[in-house]
Structures are given as structure tokens and as C-alpha cells.
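Next come the chains, spelled out residue by residue.
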Amino acid sequence: MRRFLTYCWLFLACLSLGAPASAGRERLRMDGNWRFYRGDFESVVTGVPVTEWHWKADDRGEASAAEMADPDMDDSSWEPAAINQDVFGGRTGFAWFRTRLPDVAAKTRRLYFGSVDDDAWVYLNGKLVGTHSGWGEDFEVSLDSAWREGGPNVVAVLVQNSGGGPGGLYRRVLLQADADMIARGPAAPDFDDSTWRRVDLPHDFVVEGTYDPAADRNHGYLPVGVAWYRKEFTLSASDRGRRIWLEFDGVYRASTIWLNGKLLGRHQSGYTSFYFDVTEAANFGGRNVLAVRVDASGFEGWWYEGGGIYRHVWLTKLSPVHVGHWGTYVVSEVPGGDQGRADEAILTITTTVVNDAALPISGELISQVITPSGRTVATVQSPFSLKGLESTDVVQSAHLLKPALWSIETPNLYRLRSTVSVRGRTVDETETTFGIRTIRFDPDQGFFLNGKHVKIKGTCNHHDFAGVGIGLPDRC
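This report concerns the structure included in the present document. (Residues numbered from 1 in each chain as written. Predicted model: local features only at pLDDT ≥ 70, side-chain atom pairs only at ≥ 80, totals over all residues. Heavy atoms only, no water.)

## Topic: empty space enclosed by the protein
Evaluated as defined, the whole model comprises one cavity of 30 Å³ or more. Considering only enclosed or pocket space, the largest cavity measures out at about 40 Å³ in volume. Around the largest cavity, the lining residues are Val 206, His 219, Leu 222, Val 224, Tyr 252, Ala 296, Phe 299, Tyr 304, Glu 305 and Gly 306. Each residue belonging to the lining of the largest cavity can be placed in one class, and the counts come to seven nonpolar, two polar and one charged. (1 Å grid on protein atoms, 1.4 Å probe; cavity = no way out; pocket = protein on both sides within 12 Å on 5 of 7 lines; lining within 4 Å. Points joined across faces, edges and corners; volume = space filled by probe spheres on them. Nonpolar A, V, L, I, M, F, W, Y, C, P; charged D, E, K, R; others polar.)

## Concerning the environment of Asp 31
Take Asp 31: it is sitting in the loop between β1 (26-29) and β2 (34-38). The exposure class assigned to Asp 31 is buried, which follows from its relative accessible area of 9%. Sequence separation between Asp 31 and Arg 311 is 280 residues; the distance between their C-alpha atoms is 8.7 Å. Every residue in contact with Asp 31, bar those within four places of it in the chain, is listed here: Asp 200, Leu 201, His 312 and Val 313. Within the structure, the side chain of Asp 31 is placed 2.6 Å from the side chain of His 312, a separation counted as a polar contact. (Helix = DSSP H or I, 4+ residues; strand = E, 2+ residues; numbered from the N terminus. Buried < 20%, exposed > 50% of the residue type's maximum accessible area, 1.4 Å probe, protein only. Contact = heavy atoms within 4.5 Å. Polar contact = N/O pair within 3.5 Å; in protein donor to acceptor, adjacent residues only side chain to side chain.)

## Quick look at unusual backbone geometry
For the peptide bond that leads from Leu 201 to Pro 202, omega is 0 degrees, which places it in the cis range. Among the structural elements, Pro 202 can be located in the loop between β13 (197-199) and β14 (226-235). Going from Tyr 252 to Arg 253, the amide bond is cis rather than trans, its omega being -15 degrees. Among the secondary structure elements, Arg 253 is positioned in the loop between β15 (243-248) and β16 (255-259). You will see that Leu 389, though not glycine, has its phi angle at about 60 degrees, which is positive. Structurally, Leu 389 can be placed in the loop between β24 (376-386) and β25 (390-401). Under the relative-accessibility criterion, Leu 389 is labelled exposed at 64%.

## Description of the side chain of Thr 419
Within the fold, Thr 419 resides in strand β26 (residues 414-422). Of note is the side chain of Thr 419, whose polar atom sits 3.1 Å from the side chain of Glu 429.

## A closer look at the nonpolar core
What tends to happen in soluble globular proteins is that the nonpolar side chains get buried as a cluster. Counting residues in hydrophobic clusters, the biggest one holds 37 residues, and the most contacted among them are Trp 34, Tyr 229, Phe 248, Leu 290 and Val 292. Only β2, β14, β15, β16, β18 (274-277), β19 (286-295) and β20 (313-318) provide two or more residues apiece to this core. Here this core takes four residues from β14, the largest share from any one element. When sequence neighbours within four positions are dropped, the list of residues in contact with Phe 248 reads Ile 257, Ser 273, Phe 274, Phe 276, Leu 290, Val 292, His 312 and Val 313. Membership of the second largest hydrophobic core comes to 30 residues, among which are Val 129, Val 141, Ala 146 and Val 173. (Core = buried A, V, L, I, M, F, W, Y, C linked by side-chain atoms within 4.5 Å.)

## Examining the environment of Gly 39
Structurally, Gly 39 is set in the loop between β2 and β3 (48-49). Taking C-alpha positions, Gly 39 is 9.7 Å from Val 294, a pair spaced 255 residues apart along the chain. Leaving out residues up to four positions away in the same chain, Gly 39 has contacts with Val 226, Ala 227 and Trp 228.

## Remarks on the packing of aromatic side chains
Following the criterion strictly, the structure yields 21 aromatic pairs and no others. Their ring planes at 50 degrees and their centres at 5.1 Å tell us that Phe 36 and Tyr 229 sit as a pair that is tilted. Highlighted residues: Phe 36 in strand β2 and Tyr 229 in strand β14, separated in sequence by 193 residues. You can call Phe 36 buried: its relative accessible area is 6%. Their ring planes at 45 degrees and their centres at 5.1 Å tell us that Tyr 37 and Phe 41 sit as a pair that is tilted. (Phe/Tyr/Trp six-rings, centres within 6.5 Å; stacked < 30°, edge-to-face > 60°.)

## Brief notes about a nonpolar patch on the surface
A surface patch of nonpolar side chains, amounting to about 350 Å² of accessible area, comprises Ile 439, Phe 441 and Ile 456. Looking at the element boundaries, Ile 439 is found in strand β28 (residues 439-442). (Patch = residues over 30% accessible without salt bridge, like charges linked within 9 Å, V, L, I, M, F, W, Y side chains within 5 Å. Areas by Shrake-Rupley, 256 points an atom, 1.4 Å probe, with all protein chains shown as cover. Salt bridge = Lys/Arg side-chain N within 4 Å of Asp/Glu carboxyl O.)

## Describing the sheet that holds strand β27 (residues 425-434)
Judged by pairing direction, the sheet is antiparallel, and its four strands sit side by side in the order β24-β23-β26-β27 without closing on themselves. At either margin of the open sheet sits one strand with a lone partner, and together these are β24 and β27. When strand polarity is set aside, the average angle formed by the axes of neighbouring strands in this sheet is 15 degrees. Note: strand β23 (residues 361-370) against β24, ten bridges, orientation antiparallel. (Pairing = 2+ DSSP bridges. Axes fitted to C-alpha atoms, helices over the stretch in contact; angles between N-to-C directions.)

## Points about the layout of surface pockets
By volume, the largest pocket is sized at about 610 Å³. If you go around the largest pocket, you meet 25 residues; those closest to its centre are Gly 136, Asp 138, Arg 171, Arg 293 and Asp 295. Counting residues per element, the lining of the largest pocket draws most heavily on β16, at three residues. Of the residues belonging to the lining of the largest pocket, the class tally is eight nonpolar, seven polar and ten charged. For the second largest pocket, the calculated volume is near 400 Å³. Contributing to the lining of the second largest pocket are 19 residues, with Arg 25, Arg 27, Glu 247, His 325 and Trp 326 lying nearest its centre. Elements supplying a minimum of two residues to the lining of the second largest pocket: β15, β21 (321-333) and β27. Take the lining of the second largest pocket: its biggest share by element is six residues, from β21. Classifying every residue of the lining of the second largest pocket by side-chain character gives five nonpolar, eight polar and six charged.

Here it is as C-alpha cells:
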């Protein structure tokens, strides 16, 4: 059966590679008709509590892993440690935590950590199985790569306290098996959200609250907290064989995302965009349910930051052979530009080309440079060959005469059109804007743009000034 399914996938991949250009990249905005609920559900995360820990301070850090994570070492002299116990007492440095996990019969297992302050390296039976950076955030670590059937299974966690505050294992640690990884509550596709309010994105749920003098003053005296978003959408059966991405321009903050009950992942920052390849979790030819949990309890700034999915969400469909996500990078060199001359520009173009199909493929990357006025002034073609499930960086160069420089007075932007062609057919196409200019910092005279001295004037463009929910990033 497994071999049959593999052949089916290879056949579909071949069909998709032979599809016409109209089956190339599509990017659809997913802003409308979401269901929204302010509040949380405790039943989402389940598992066997892991509470019997021992700890020992050791400031050698990762250099001590061979000894401290060894499953056979004697840790009987270590001190007992409880969940929510501060073992650092304000000290910066490292500490090790160890425990023995109960044996559970399952196909897959993982450890859920409610919080490890500040950073963590997780070892199972002496093998590093996961890391996490950032205090106050939950995360999971898969145990499958080092699990011993029948045991013993020894977990060692190296914790670094870098901020000087409390440090240790916080909230809860859960051993999760198959049943615990089934989505529950609002994360489950069959959850009834008919009583939830309908909203469109961008959306800020914090600004909808009631002002409270007990709330944080710097964040506008508005209470924060947890909220949920759910959205249903369909995928055509004809999309089978294509790759499917979900792209989030911004969620404030600490978001957890599921599709059709499958955990896609987490994203902690409220200001950076992120995406997931959801092809394996998608339901082609039917209903799909996207669920997003947002926790705005933590702050990243000292201004009003809001909470929720406050920027756009996109559904992108593309060929298995495509330009990688954020996969183009253009560097310009302008000889003499720092003296105010712009006779020529030399471009170095780096493009990541991805083959997500199982079969090897050969094709061509065509890069076209288009002027601000819309004229194509350079075309570079490069062949590529990729094994199945492989990517490569294609480096090209282009030479431009009399380039239109980017400046404050004339912010000229060129476009790079990247076209991926297989067997003479376009399977993917993207565009990237870029400017051509020179910059120089002088310790005595300051900043120079295209050879011209320019004074840099700062700004504080916060959400509270710009208006939350309109998609403006914070810059200060």
C-alpha cells in the first residue's frame, strides 16, 4: 500500500509539472468571514504530567551535555525540583534537570513544556531532540528519534537563565502520546463555532475591550488576554499535486495554528510574518478548517500593541517546483556611485529554487530586470537540475547602464521578475522590488547616500500613533 501511494504521488507530481502556466502560483487573500471568540479553553493541551525532576547547577552549558545528558549517569545526589520552582534565585547561568519518563504505548510521543525560563536544550537518552529560546512561551519537542521501546527513557533539560530573574521549569510538563495530539476544543475541525462572532481581518480584539485603571498604563489601560479565530475554506480537487502555503503577515502574539486538527506550529513574535506549508494537512476537494489561538498577555514594547490577527492572511497555491518563500535576493554595486556618478550598475541575483516533488527535475530560471518605467533592460537565463525534495541557490549577474538610483527625492524601484520554466512551460513566477543606490557611513561626517550627505531623522511610529489594525509595522 505504501509503495502504491508513493507511485500515486509521483504521478500527480508529474501531472502538476506538465500543467499550463495558468496552474502556476496563485495568492489569495483570506481576510473575510472569520469566527472570533475572546477567551480560552483549557482542554486543548492534554498529556501525562511529568513532575518528578532533579536538578543541578553547571555553568559549562552545552559543553557538559555528554556527561549531564548521559542516560546512565547517577543523578541520585541531585536536588529535587518541582514545577514552578525558581532554582536560580536571580543567578545567571545554567542548570540541568533530569527525569525518567513512564513507558507509554504509542506510535509517536512528544514532550510539551508550558514554559522554560529562559532558554532550553532538551535531550532524550543522550540525544539532542529539541531546543527553544524565549521565556514565558510553551513549546513541544518530538521524542520519536531517540525513544526506547520498553524504556528506560531519560530526559535531560539544560536551562539557561540569561536575564537574572527567576528560572526553571514553569507551568507544566506533559508527556503526550497519540491521543493527546488529537486537536481538541476550538482546534478540532468539528468544533461548533456557530455562536462565535463573525469578523473580517485585520482585527484587533484588545481595542474592543473596556478601559480598566488596573490594566497596564503603557498599553492604553486596555485588558489583554487570549482569543481564538476559526475560518472555513475549500480547496478544489484540481489543486491536488500543488503545494499549499498559509502566510500570516502579522499576529499579535504567541500564536498557535492548526489546520484540520493538525498542529502546524507556533509563532511567538507579534511583529514578524511567517508561513506554513500545509500541503500534507490540506483536504483537497472539500472543507478545510483553520484555527488560530492568540495570546496577547505578553508584551514586546512599551506602547499600545493590541492583539489578534491584525494583518492579512494569504492562501498561496504553487507548483512543486517553485521559487522558495522569501527566495530572491538582489545586491547592487554602483562603481563611482559614492562620487555621485551612476554610469553602470552590477547586479548579483540569488534565487532559491525548490523541488518539492519526489522525482528529479531539470528546468530553467529566467530573471528579468524591469525599470521603474516598465521597460525590461536585462534578461538572464540559467539552467538547473534538482533531485527530489531538494533546493538550490541559483546565482546570476546582470549589467545595467545608466541606472535610475533610489534616493529620498526620487525613490526609484526596479522589479525582478523570476520565472521558473520546466520543459518549456512556466510553472512559477514571482516579482521582487529593489532599489539601486550606494550608502556610506563616515565617522566624522555622518551618512552618505549616493555620495550625498544626508541627515538621518528618527521616528517613533507605534501602533498607538499609526492606528492598530492597518498593517503598519512598528519602527522606532
